[in-house]
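# Examining the three-dimensional arrangement
As a plain string of letters, each chain reads:
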Amino acid sequence: MQVEGEESNVGGAKGGGSGLLSISLHPLVIINISDHSTRFKALSSGKSKRVLGVLLGKLEGRSVEVCNSFEMSHKEVEGKIKIDMEYFTIKMEQYKKVFPSLDPVGWYSNAVQRVPVGEVLPGDIDLHREIAKTIENPLYLLLDTTDGAGVRDLPVQMLESEVHMIDDTPTLTFAKSSYHLETEETERVAVDQVSHLLPAGAASASSSMSSHMSSVHSAVKMLQKRVVCILSLLEAMERGEVKKDHRLLRQVASLCQRLPATETGDFKEDFVQHYNDTLLVTYLASMTKGTNSINDLIDKYNVTFERKSHRRGLF
């Protein structure tokens, strides 16, 4: 399944990208980066910290499919980020044994401060040069993890490196590239589960049906509160505790007159049919559960009886 990227992700920065590279991005990569950033933020007592990692994927001609990622170890020395290349080499060898078809195609980072579209963080050029010594023509994925990011568009920038002549000097720059999301069945299940996680980390629902029923329950609960509020006001008016508001009473009367419209023969027949279907499904589930319990009991009885028969035969 393929989903086209946002229109805001199309186009280039600093002159624009070549546009010849077709990039497919899997949601697993975005989830990995978000999880990496969230864990480091939690370990830092809520303070956002920058994280780095390697993008894994498949490169066929001018088509790049970014499928997975892993973290990179780094440290800051005199305000500059230094990557642990030994850790990178060991990690890459381990991933190559598990995923032999995936190769490093780039690197990623999170934005701990709001970055304008098409721009990068200070020091990214130097990091890109260092990584380019190990990965040929690496891509750069920048995920904005600041508060409020991704409200309208996916906060992901995919950047390519280009060399431009500036003042007769070859200068490395980044050019924003277009991409599209590509998902598989297993990824869609994982993304659906992640979308139902509460801030505390517990799953609020395991399926779309559970989420829908939870929304319906909340709506009915809110409706009940409002009906009780109106009923309390009408009772207070009847007792003379509150001055009668004829405009409000006309609105309540109009609302009540709409309710008998559902008391029709077609509605009752449809309602009874749905009610009977629900009861039938419940009965079938109970019968299936009971049958399963009986089968387990029979299996245990047969095993026990068979053992006793063998023991009697020994004497």
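Here is a short report on the structure shown in this document.

## Describing the side chain of S69
With respect to the helices and strands, S69 occurs in strand β4 (residues 63–72). Relative accessible area serves as the criterion here: at 5%, S69 is assigned to the buried category. For S69, the side chain forms a polar contact with the side chain of N32, separated by 3.3 Å. Excluding residues within four positions of it along the chain, S69 makes contact with V29, N32, V54, L55, L56, Y95 and Y108.

## Structural notes on the pattern of salt bridges
A full pass over the atoms with the stated rule returns six salt bridges. Of the charged contacts in the structure, one is a salt bridge between D103 and K96, with a shortest N-O distance of 2.3 Å. Note that R129 and D126 form a salt bridge whose closest N and O atoms lie 3.3 Å from each other. Taken together, the residues span about one helical turn, with R129 and D126 both in helix α3 (residues 124–132) at a distance of three residues. If you follow the salt bridges from partner to partner, you end up with D35, R39 and E71 in one network.

## Some details on the packing of aromatic side chains
Tallied over the entire structure, the rule returns six aromatic pairs. Considering the side-chain rings of F70 and Y95, the 4.9 Å spacing of their centres and the 25° angle between planes classify their relative orientation as stacked. A residue pair is termed long-range when its members are at least 10 positions apart, and F70 in strand β4 and Y95 in helix α2 (residues 85–98) qualify at 25 residues. We classify F70 as buried; its relative accessible area is 3%. On the numbers, 5.3 Å between centres and 45° between planes, the contact of Y140 with F174 is tilted. Of this pair, Y140 sits in strand β8 (residues 139–144) while F174 is found in strand β10 (residues 169–177), placing the two residues 34 residues apart along the sequence.

## Quick word on unusual backbone geometry
With a phi angle near 45°, N137 is a residue other than glycine that sits in the positive phi range. With respect to the helices and strands, the residue N137 is situated in the loop between α3 and β8. Residue N137 is classed as exposed on the basis of its relative accessible area of 62%.

Conventions adopted
- Residues numbered from 1 in each chain as written.
- Predicted model: local features only at pLDDT ≥ 70, side-chain atom pairs only at ≥ 80, totals over all residues.
- Heavy atoms only, no water.
- Helix = DSSP H or I, 4+ residues; strand = E, 2+ residues; numbered from the N terminus.
- Buried < 20%, exposed > 50% of the residue type's maximum accessible area, 1.4 Å probe, protein only.
- Polar contact = N/O pair within 3.5 Å; in protein donor to acceptor, adjacent residues only side chain to side chain.
- Contact = heavy atoms within 4.5 Å.
- Salt bridge = Lys/Arg side-chain N within 4 Å of Asp/Glu carboxyl O.
- Phe/Tyr/Trp six-rings, centres within 6.5 Å; stacked < 30°, edge-to-face > 60°.

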